[in-house]
Amino acid sequence: KDIDLNVSEETYNFLKKQEGWIETTLHDGSKVIGKDNFDIGTMWNNKEFSARTEISKTNGIKYASLEELIEWKKSMGREKDLVDLQLINDYLDKR
């Protein structure tokens, strides 16, 4: 399990210089830094998160809508995404 965060370029570059953060390149060419259970990038689905229209906001914190998350996980198609999709569908079926 991990937590994915999107941050500004400035924050990303600051964190990248801190001890323990490792930068990797994803299959779509975007870069993320990781440490412990956190993956941090500046893009979501190869688009800038701040420019997205399908975001929600709670207590000043922006996050992707559930529909957007489902779309992204389908496009990734990794085993962990397929497991997450099943969990999301189970949750939605119980609502």
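The rules we used
- Residues numbered from 1 in each chain as written.
- Predicted model: local features only at pLDDT ≥ 70, side-chain atom pairs only at ≥ 80, totals over all residues.
- Heavy atoms only, no water.
- Helix = DSSP H or I, 4+ residues; strand = E, 2+ residues; numbered from the N terminus.
- Buried < 20%, exposed > 50% of the residue type's maximum accessible area, 1.4 Å probe, protein only.
- Pairing = 2+ DSSP bridges.

### Re the environment of Tyr 63
Part 1: Within the fold, Tyr 63 resides in strand S8 (residues 61-64).
Part 2: The exposure class assigned to Tyr 63 is partly exposed, which follows from its relative accessible area of 36%.
Part 3: C-alpha of Tyr 63 to C-alpha of Leu 5: the two residues are 58 residues apart in sequence and 9.0 Å apart in space.

### A word on the pairing of strand S4 (residues 38-41)
Part 1: When strand S1 (residues 3-6) meets S4, the two strands line up parallel, connected through 4 bridges. Across the sheet, the residue bridging to Asn 6 is Gly 41, located in S4.
Part 2: Alignment of strand S3 (residues 31-35) against S4, held across 4 bridges, turns out to be antiparallel. The residue of S4 that forms the bridge with Val 32 is Gly 41.
Part 3: With antiparallel pairing between neighbouring strands as the criterion, S3 and S4 make up a hairpin whose turn holds 2 residues, including Asp 36 at a positive phi of roughly 55°.

Fair warning: the whole summary comes from geometry, so function is off the table for now.
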